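# Reading the structure
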Amino acid sequence: MTREPSLAAMPPFHFLHLTDPHLPPPGGTLRGLDPALGLAAAIADIARRHGPESAAPAGFAVVTGDLVREGEPAGYARLREMLAGLPCPAHLLLGNHDNRAAFRAAFPEAPLDPGGFVQQALDSPAGRCLMLDTHAPGRPEGRLCAARLDWLAARLAEDAGPVLLFLHHPPLPVGMPGMDRAALQDTAAFWDVLAPHRARIRHLFHGHLHRPIAGSWRGIPVSSLRGTAFEVALDAASDAIEVTAQEPPCYSLVRALGQDLVVHTRALPDAT
Ligand SMILES: [Fe+2]
Ligand SMILES: [Fe+2]
């Protein structure tokens, strides 16, 4: 039994997906680029288009990790200031370039699971949003240990309605050798937890790739986007991770209506 029949009677619900801001401390750069420009442009565009009085008001934003350049406390403080410009709450996930302690110091109100991982369940008109912490200190790849998966299993067990999943690392290889090595490692155990609930998992949103993608993982619809900092070149032949800024920064607007879900991606070509 799912909530889909009652969802169908509701108006559309919108939320935002941003990813990989890689924000340095004030004045800092990353590989010669200024990641703050793309994030600032995204926040300004969102404030203009998706405030409470707009035609597509955003209920919340989810930022799927690599929040700052390399875990710097001053980066998190700057991020907090910048996110205050959003017209909706922001829910933040950790990526491989984050630091859990520094994040928690800057965002003490961020929900944690009992193990201290930055995981939360957020009930929304689009379904139950389960936000996962795949950060593994000092490592580029993502992990979901038994404690984090136990938390996920418990959240899935306590509600029978539709589910949206959010995590930094993709659970599937995408054909970019350098990035595939740094993907989520515990996919079999992750799937074991998800499989009994497969029919009600509406979508999986991730970051990390710095590429716009849409597809599916074991039948679950998946999407990601370039993000606000830079893109990784699409090169199936190279083991290296080539960072460029030839494509514009972007964010996604997600529209949920009944059983349908649409992910729009808006590019910001004037941001850099
Ligand atoms: Fe990233
Ligand atoms: Fe990442």
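Please refer to the structure higher up on the page.
Report follows, based on the coordinates. (Residues numbered from 1 in each chain as written. Chains lettered and ligands numbered in written order. Predicted model: local features only at pLDDT ≥ 70, side-chain atom pairs only at ≥ 80, totals over all residues. Heavy atoms only, no water.)

## Some thoughts on the layout of surface pockets
Unoccupied space between atoms shows up once a probe the size of one water molecule is rolled over them. In this structure, the largest pocket occupies an estimated 280 Å³ of space. Contributing to the lining of the largest pocket are 17 residues, with His22, Arg31, Asn96, His97 and Ile241 lying nearest its centre. Among the residues making up the lining of the largest pocket, the classes are represented as eight nonpolar, five polar and four charged. Computed from the structure, the second largest pocket encloses a volume of approximately 220 Å³. Every residue lining the second largest pocket is listed: Arg80, Leu83, Pro89, Ala90, His91, Leu92, Phe103, Phe107, Glu109, Ala110, Pro111 and Gln120. Secondary-structure elements contributing two or more residues to the lining of the second largest pocket are α3 (73–83) and β3 (90–93). Examining the composition of the lining of the second largest pocket, we find that three residues originate from one element, β3, more than from any other. For the lining of the second largest pocket, a count of residues per class yields eight nonpolar, two polar and two charged. (1 Å grid on protein atoms, 1.4 Å probe; cavity = no way out; pocket = protein on both sides within 12 Å on 5 of 7 lines; lining within 4 Å. Points joined across faces, edges and corners; volume = space filled by probe spheres on them. Nonpolar A, V, L, I, M, F, W, Y, C, P; charged D, E, K, R; others polar. Helix = DSSP H or I, 4+ residues; strand = E, 2+ residues; numbered from the N terminus.)

## Things to note about the packing of helix α5 (residues 146–157) against helix α7 (residues 187–194)
Running from N to C, α5 and α7 point in directions that differ by 15°, and their axes come no closer than 9 Å. The angle between α5 and α7 places the two elements in the roughly parallel class. Regarding α5 and α7, the two cross each other, and that crossing is right-handed. Touching Leu149, Leu152, Ala153 and Leu156 of α5 are Ala189, Phe190, Val193 and Leu194, all from α7. Classifying every residue of the contact of α5 with α7 gives eight nonpolar, no polar and no charged. (Axes fitted to C-alpha atoms, helices over the stretch in contact; angles between N-to-C directions. Parallel < 35°, antiparallel > 145°, perpendicular 65-115°, else oblique. Left-handed = near helix turned anticlockwise from the far one by under 90°. Contact = heavy atoms within 4.5 Å.)

## Let's talk about the coordination of the iron ion (ligand 1)
The iron ion (ligand 1) binds to the protein through Asp20 (OD), His22 (NE2), Asp66 (OD) and His210 (NE2); the donor distances cover 2.0 to 2.2 Å. Taken together, the four donor atoms surrounding the iron ion (ligand 1) define angles of 90 to 175° at the centre, an arrangement classified as irregular. As a motif over one chain, the donors of the iron ion (ligand 1) read D-x1-H-x43-D-x143-H. Taken as an interatomic distance, the gap from the iron ion (ligand 1) to the iron ion (ligand 2) is 3.5 Å; Asp66 donates to each of them. Considered together, Asp20 and His22 belong to a single accessibility category, that of buried residues. (Donors = N, O, S within 2.8 Å, 3.2 Å for Na, K, Ca; no water. Tetrahedral: all angles 85-135°; square planar, octahedral: opposite > 155°, others 65-115°. Buried < 20%, exposed > 50% of the residue type's maximum accessible area, 1.4 Å probe, protein only.)

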